[in-house]
Amino acid sequence: MSDASLAARSAALDLLRDVLRKSIPFDDAFDAHPELRGLDPRDRGFVRLLTATVLRRLGQIDALIQGSLAKPGLPKATVHDILRLGAAQLVFLGTPAHAAVDTAVELAAAKGAEPYKGLINAVLRRIGREGTELAAQQDAGRLNTPDWLWLAWRQAYGIGRTRGIVEAHLHEAPLDITVKADPALWAERLEARLLPTGTLRRAAGGNLTELPGFAEGAWWVQDLAASLPAKLFGDLAGKRVYDLCAAPGGKTAQLVAQGAQVTAVDRSAKRLERVRENLARLNLSAEVLATDAATWTPDQPADAVLLDAPCSATGAIRRHPDILRVKTPEDIGKLAKAQSRLLAHAVDLVKPGGTLVYCTCSIQPEEGEAQIDRILARDKRVERLPITPVDLGGGHAGDGNLAELINERGEVRSLPGMLGDLGGIDGFFVARLRRLHD
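Keep in mind that what you see is a predicted model, and the values were worked out from it rather than measured. (Residues numbered from 1 in each chain as written. Predicted model: local features only at pLDDT ≥ 70, side-chain atom pairs only at ≥ 80, totals over all residues. Heavy atoms only, no water.)

### Focus: the overall build of the chain
- Per the secondary structure count, the chain includes 16 helices and 13 strands.
- In terms of C-alpha radius of gyration, the chain reaches 23 Å, essentially the compact-globule figure of 22 Å for 438 residues.
- Taking contacts inside the chain between residues at least 6 apart in sequence as the whole, the part at least 24 apart equals 71%.
- Per element, the accessible surface of the chain, about 18,700 Å² overall, is 51% carbon and sulfur.
- Once the 55 positive and 55 negative side-chain charges of the chain are each reduced to a mean point, those two points are 3 Å apart. (Helix = DSSP H or I, 4+ residues; strand = E, 2+ residues; numbered from the N terminus. Rg over C-alpha atoms; globule rule 2.2 N^0.38 Å. Contact = heavy atoms within 4.5 Å. Areas by Shrake-Rupley, 256 points an atom, 1.4 Å probe, with all protein chains shown as cover. Lys, Arg positive; Asp, Glu negative; His and termini not counted. Charge placed at Lys NZ, Arg CZ, Asp CG, Glu CD.)

### So, the nonpolar core
- Counting residues in each nonpolar core, the largest one holds 52 residues, and the members touching the most others are Trp 153, Leu 255, Leu 392, Leu 405 and Val 430.
- Elements supplying a minimum of two residues to this core: helix H9 (147-168), helix H11 (250-257), helix H12 (269-281), strand E8 (302-308), helix H13 (323-326), strand E9 (350-360), strand E12 (416-419) and strand E13 (428-435).
- In terms of residue count, H9 provides more of this core than any other element does, six residues in total.
- Sequence-distant contacts of Val 430, defined by excluding residues within four places in its chain, comprise Pro 229, Leu 232, Val 357, Tyr 358, Cys 359, Ile 387, Glu 411 and Val 412.
- Ala 11, Ala 12, Leu 69 and Leu 124 belong to the second-largest nonpolar core, a separate cluster that totals 42 residues. (Core = buried A, V, L, I, M, F, W, Y, C linked by side-chain atoms within 4.5 Å. Buried < 20%, exposed > 50% of the residue type's maximum accessible area, 1.4 Å probe, protein only.)

### Topic: the packing of aromatic side chains
- Tallied over the entire structure, the rule returns four aromatic pairs.
- The ring of Phe 30 has Arg 48 lying over it, and the distance from NZ or CZ to the ring centre is 4.2 Å.
- Of note, Arg 189 hangs over the ring of Trp 186, and the distance from its end group to the ring centre comes to 4.8 Å. (Phe/Tyr/Trp six-rings, centres within 6.5 Å; stacked < 30°, edge-to-face > 60°. Lys NZ or Arg CZ within 6 Å of the ring centre and 35° of its normal.)

### A word on the packing of helix H1 (residues 3-22) against helix H3 (residues 41-56)
- The geometry of H1 relative to H3 is characterised by a closest axis approach of 9 Å and an angle of 40 degrees between their N-to-C directions. For the element pair H1 / H3, the angle class is oblique. The chirality of how H1 crosses H3 is right-handed. Residues Ala 4, Ala 8, Arg 9, Ala 11, Ala 12, Leu 15, Leu 16, Val 19 and Leu 20 of H1 touch H3, and the partners they reach there are Asp 43, Phe 46, Val 47, Leu 50, Thr 51, Val 54 and Leu 55.
- Class assignment of the residues belonging to the contact of H1 with H3 gives a composition of 13 nonpolar, one polar and two charged. (Axes fitted to C-alpha atoms, helices over the stretch in contact; angles between N-to-C directions. Parallel < 35°, antiparallel > 145°, perpendicular 65-115°, else oblique. Left-handed = near helix turned anticlockwise from the far one by under 90°. Nonpolar A, V, L, I, M, F, W, Y, C, P; charged D, E, K, R; others polar.)

### Some words on the sheet that holds strand E2 (residues 193-194)
- Taking strand neighbours across the sheet as the criterion, the four strands line up as E2-E3-E1-E4 in an open arrangement whose pairing is antiparallel. In this open sheet, the two strands that pair with only one neighbour each are E2 and strand E4 (219-221).
- As paired strands, E2 and strand E3 (residues 200-202) are joined by two bridges and run antiparallel to one another. What sits directly across from Leu 194, in E3, is Leu 200. (Pairing = 2+ DSSP bridges.)

### Thoughts on the pattern of salt bridges
- Using the criterion set out here, one finds 31 salt bridges in the structure.
- Of the charged contacts in the structure, one is a salt bridge between Asp 27 and Arg 48, with a shortest N-O distance of 3.2 Å. Of this pair, Asp 27 sits in helix H2 (residues 26-32) while Arg 48 is found in helix H3, placing the two residues 21 residues apart along the sequence.
- Between Arg 319 and Asp 223 there is a salt bridge, and its shortest N-O distance comes to 2.4 Å. With a gap of 96 residues between them, Arg 319 in the loop between E8 and H13 and Asp 223 in the loop between E4 and strand E5 (240-244) connect regions that are remote in the sequence. (Salt bridge = Lys/Arg side-chain N within 4 Å of Asp/Glu carboxyl O.)

### A look at the packing of H1 against helix H5 (residues 77-91)
- One way to put it is that H1 packs onto H5 with a least axis distance of 10 Å and a crossing angle of 115 degrees. When you trace H1 past H5, the crossing you get is right-handed. From H1, Arg 9, Ala 12, Leu 13, Leu 16, Arg 17, Leu 20 and Arg 21 reach across to H5, where they touch Ala 77, Thr 78, Asp 81, Ile 82, Arg 84, Leu 85 and Gln 89.
- A per-class count over the contact of H1 with H5 returns seven nonpolar, two polar and five charged.

### A closer look at the environment of Pro 298
- With respect to the helices and strands, the residue Pro 298 is situated in the loop between strand E7 (287-290) and E8.
- On the basis of relative accessible area, Pro 298 is assigned to the partly exposed category, the value being 22%.
- In sequence terms Pro 298 and Lys 76 are 222 residues apart; their C-alpha atoms lie 54 Å from each other.
- With sequence-adjacent residues up to four places away left out, Pro 298 is seen in contact with Tyr 242 and Leu 349.

Laid out in structure tokens, this is it:
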């Protein structure tokens with residue numbers, strides 16, 4: 001095994017440890033890993049793909065490993081993770097058996113697991129022979145989903161919708177792009193599909209910075225679902241808008257591009273640096289303020305407020321499979337309390353007659369529908385302003401039934417598995433409220 005190959009697999013092993021045993025989000029662990037900067041782009045891409053595949057398919061992989069051991073019980077953590085990396089390559093990435101097995105054995109020696117080389121060799125050779133056929137017989141969606149999420153989704157959405165959610169998680173999401181203007185023109189230049197909402201969609205992968213329009217700031221990456229909330233305000237030209245919990249800034253860019261005077265608020269100064277960088281590349285301008293949106297009191301209320309509340313992000317598992325491994329039921333309760341405080345304060349920031357849009361990239365009802373029920377019950381200064389498919393479409397060409405995304409209450413409730421003919425969508429909740437006169 002080459003030094004670069006060993007370094008790549010060693011980095012993947014470290015990342016698995018960080019996510020599975022320290023509950024560090026994958027992107028944070030990846031960005032902080034000291035050795036990844038020294039790898040060439042192709043090897044860095046392999047590290048990301050390999051680690052994400054293990055996280056996405058962890059239930060299946062562990063079942064294959066367990067079934068290939070001569071004795072019940074799993075080996076120690078480092079050995080287990082080496083087996084996971086090897087199995088992912090053999091079953092899901094198409095790595096030749098000799099390469100996957102040999103590199104795993106060498107990695108064990110490099111990581112102080114020399115006594116386990118024989119075990120690793122035997123288990124992976126068996127998985128190399130039988131793993132693909134066995135994986136085809138597994139209930140992949142169920143195996144890869146933690147029990148608490150499976151049960152929560154089944155209760156909220158029923159078994160059919162839940163099946164759609166977990167099957168969608170098996171596949172990497174496409175690359176979605178929002179453009180400042182002329183979506184049809186940029187669809188042609190980017191060789192992308194123009195979706196009914198105006199989003200452009202390409203297959204995942206490739207170097208973003210080399211695509212047409214990136215350098216001149218014509219577009220930014222943003223999932224179809226994430227692009228919907230900023231569409232719901234109507235004409236924003238010249239209006240004051242507060243974008244709360246704004247980082248990383250995709251919605252901020254939308255609001256500015258729609259002509260609004262935007263104040264982007266986030267408690268993380270570090271994350272706001274990314275907002276500033278994105279706005280600079282896009283040649284867009286907004287006031288950027290590092291403060292807690294739950295207590296911020298500006299001089300005057302806004303015509304519109306967008307609250308993209310911190311959440312569990314269970315709607316974004318297609319893009320971030322580590323969410324399956326780092327989130328817990330306890331997280332949902334803590335986040336729901338924070339969301340409730342933010343939403344209550346956001347009402348105070350909207351002038352009478354103005355619009356408040358609340359959204360989360362979560363598919364947990366506690367972080368969506370329940371929040372709106374609570375605010376409507378306790379604050380008579382707001383009423384629900386139902387969302388329609390016309391609000392989402394924007395009049396662009398394309399197929400797909402956008403009505404599927406809207407629940408009976410007039411809120412957006414997208415789920416992975418919806419819009420399958422268009423390539424799917426992240427899970428999202430969006431509600432629109434009108435501030436009444438006092």
